[in-house]
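Each chain, written out:
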Amino acid sequence: MPNFEDVTSTGPRTAPEHSIDTAVPHSARVWNYWLGGKDNYPADREVGDHIRAANPMIADIAVAQRAFLVRTVRHLATHEGIDQFLDVGTGLPTADNTHEVAQRVDPTARVVYTDHDPLVLTHARALLTGSPEGATDYIDADLHDPERIIREAAGTLDLNRPIALMLLGITAHVVDDDEAYALVRRLRDPLPSGSFLVLCDDTNVIAPTEMDEMIRQWNESGENPRINRTPERIAGFFEGLEMLEPGLVSVTQWRPEPTEVGSPRPLDDFGAVARKR
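The model shown is predicted, which means the values in this text are computed figures rather than measured ones. (Residues numbered from 1 in each chain as written. Predicted model: local features only at pLDDT ≥ 70, side-chain atom pairs only at ≥ 80, totals over all residues. Heavy atoms only, no water.)

1. Considering the packing of aromatic side chains
Rules: For Phe, Tyr and Trp, rings pair up if their centres lie within 6.5 Å, where Trp contributes its six-membered ring, and each pair is then called stacked (planes under 30 degrees apart), edge-to-face (over 60) or tilted (otherwise). Numbered from the N terminus, helices here are DSSP runs of H or I no shorter than four residues, and strands are runs of E no shorter than two. Think of it in three bands: with a 1.4 Å probe and only protein chains considered, a residue is buried below 20% of the maximum accessible area for its type, exposed above 50%, and partly exposed in between.
For the structure shown, the criterion picks out 2 aromatic pairs. Aromatic pair Phe-68 and Trp-254: ring centres 6.1 Å apart, planes at 90 degrees, arrangement edge-to-face. Here the residue Phe-68 occupies a position in helix α3 (residues 58-79), and Trp-254 occupies one in the loop between β7 (249-250) and β8 (269-275), the gap between them amounting to 186 residues. The exposure classification of Phe-68 matches that of Trp-254, with both residues buried. Summarising the aromatic geometry, the rings of Tyr-181 and Phe-237 are spaced 4.9 Å apart at their centres and angled 75 degrees between planes, so their arrangement reads as edge-to-face.

2. Observations regarding α3
Our working rule: By definition here, a helix of n residues has an expected span of 1.5 Å times n minus one.
With 22 residues, α3 extends 31 Å from end C-alpha to end C-alpha; this agrees with the ideal 32 Å at 1.5 Å per step. α3 sits mainly inside the fold: 16 of its 22 residues count as buried. Looking one or two places after α3, you find Gly-81, whose phi comes out positive at around 70 degrees.

3. Observations concerning helix α1 (residues 27-34)
Put simply, the rule is: In this analysis, two residues are considered to be in contact whenever any of their non-hydrogen atoms come within 4.5 Å of each other.
Within α1, 8 of the 8 residues are buried, which leaves it mostly tucked inside the rest of the structure. Along α1, the residues that are buried comprise Ser-27, Ala-28, Arg-29, Val-30, Trp-31, Asn-32, Tyr-33 and Trp-34. Buried residues along α1 sit against α2 (42-54), α3, α5 (118-122) and α9 (208-221).

4. Here's the deal with the nonpolar core
Side chains that are nonpolar tend, in soluble globular proteins, to be buried together. The following threshold applies: Definition of nonpolar core: a set of buried residues of the types Ala, Val, Leu, Ile, Met, Phe, Trp, Tyr and Cys, connected through side-chain atoms within 4.5 Å.
Counting residues in each nonpolar core, the largest one holds 48 residues, and the members touching the most others are Trp-34, Leu-76, Phe-85 and Met-166. Ranked by residue count, the leading element in this core is α3, at 10 residues. What Phe-85 contacts, discounting residues up to four positions off in sequence, is Val-73, Leu-76, Ala-77, Thr-98, Ala-102, Arg-110, Val-111, Val-112, Leu-157, Ile-163, Ala-164 and Met-166. In this structure, Ala-153, Ile-170, Phe-237 and Phe-238 belong to the second largest nonpolar core, which totals 31 residues.

5. Here's the deal with the confidence of the model for the protein chain
The line we're drawing: Values of pLDDT, the confidence the predictor places in each residue, fall between 0 and 100.
Mean pLDDT over the protein chain: 87, with 89% of residues reaching 70 or higher. Confidence over residues 1-17 falls short of pLDDT 50; this stretch has 47 contacts with residues more than four positions distant or in other chains.

6. Overview of the side chain of Asp-202
Filter applied, for reference: We define a polar contact as two N or O atoms separated by no more than 3.5 Å, with the added condition that, inside protein, one atom must be a possible hydrogen donor and the other a possible acceptor, whereas residues neighbouring each other in sequence contribute only through side-chain atom pairs.
Looking at the secondary structure, you find Asp-202 in strand β5 (residues 196-202). There is a polar contact of 3.0 Å between the side chain of Asp-202 and the side chain of Arg-226. Ignoring any residue separated from it by four or fewer positions in sequence, one finds Asp-202 in contact with Ile-61, Met-211, Met-214, Arg-226, Asn-228, Arg-229, Ile-234, Asp-268 and Asp-269.

7. Focus on the pairing of strand β2 (residues 110-115)
So the rule is basically this: One requirement defines pairing of two strands: DSSP has to find at least two bridges between them. Crossover handedness is defined by viewing with both strands directed away from the observer: a clockwise path from the first strand over the helix to the second marks the crossover as right-handed.
Summarising burial for β2: 6 of the 6 residues are buried, a large majority. Here β2 shows no split at all, with Arg-110, Val-112 and Thr-114 on one side and Val-111, Tyr-113 and Asp-115 on the other all buried. For strand β1 (residues 84-88) and β2, the ladder comprises 5 bridges, and the chain directions are parallel. Each residue of the ladder has a partner; that of Asp-87, found in β2, is Tyr-113. Following the backbone out of β1, through helix α4 (residues 98-105) and into the adjacent parallel β2, one traces a crossover that is right-handed. Bridge analysis of β2 against strand β3 (residues 135-140) gives 6 bridges, and the strand direction is parallel. In the sheet register, Thr-114 faces β3, and the bridge partner there is Ile-139.

8. Comments concerning the packing of α3 against α4
Keep this limit in mind: With axes taken as lines fitted to C-alpha atoms, and helix axes fitted only over the stretch in contact, angles between N-to-C directions fall between 0 and 180 degrees. Left-handed describes a crossing whose near helix is turned anticlockwise from the far helix by less than a right angle; the clockwise case is right-handed. Polar here means any residue outside two lists: the nonpolar Ala, Val, Leu, Ile, Met, Phe, Trp, Tyr, Cys and Pro, and the charged Asp, Glu, Lys and Arg; Gly therefore counts as polar.
At their nearest, the axes of α3 and α4 sit 9 Å apart, and the two run at 35 degrees to each other. The way α3 lies across α4 gives a crossing that is right-handed. In this structure, α3 uses Leu-69, Val-70, Val-73, Arg-74, Ala-77 and Thr-78 to contact α4, whose residues at the interface are Thr-98, Val-101, Ala-102 and Val-105. Across the contact of α3 with α4, the residue classes tally to 7 nonpolar, 2 polar and 1 charged.

9. Side note on the pairing of β5
Most of β5 sits inside the fold, with 7 of its 7 residues counted as buried. Looking at chain direction, strand β4 (residues 164-168) and β5 are connected through 5 bridges and run parallel. Residue pairing for β5: Leu-168 is matched across the bridge by Cys-200. Tracing the backbone out of β4, into helix α8 (residues 177-188) and back to the parallel element β5 gives a crossover that is right-handed.

In structure tokens form, the structure reads like this:
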């Protein structure tokens, strides 16, 4: 049983072992740029502009993925009774972070963020501003070390009760399928029955030319390579879990908000929400 002390103002427990290299673009900062944020550098904006020129939909995908986070967290907190969230690869804080959405529904919700970008670490205190009734914490850790993530998250989350594991736009950076599936399983397996996996990532089935060109430019420009996966390969992350309706779909089509005209346009980012039996 973890020690449920108030961690909302303690700051990250783990000191970074690396410094910010502003000359090398980083996915969290490029994504921040596409979302209209200011926590990025010229190298990030240059790559972001090149990719957006080749694939104008990428900014729409960034916005759609954030909206998917909002809808899934709100659903889990409102309808599934989930009050604990482990957000791995959270990126830089923007509007409607996981803890903000969850604690609007349940002020006692507890959220742990994980990322390994030193710039994200410097903004951790912006994340650690949750409701006084709940808790929000930050871990400086990499997806490639799932046991450490679970071990440190246990300082804030109760691993005996259901937890929502959030993996949005991060598994594309593990380009080998077997390795990526294994890492996600090592995060899933310690979580109790009734927990959920929320995962989404880029595909190349709607605009293949543009999405593959994005990958080519990204991998030529950065040190953090990524890959597009087909929906069938993304489905492999959910093996053994029970998907909620509507299953694995473009993130714009996962329980979209009502619109006055038409339906949301599908984009090359597919995701799902699934329950651990």
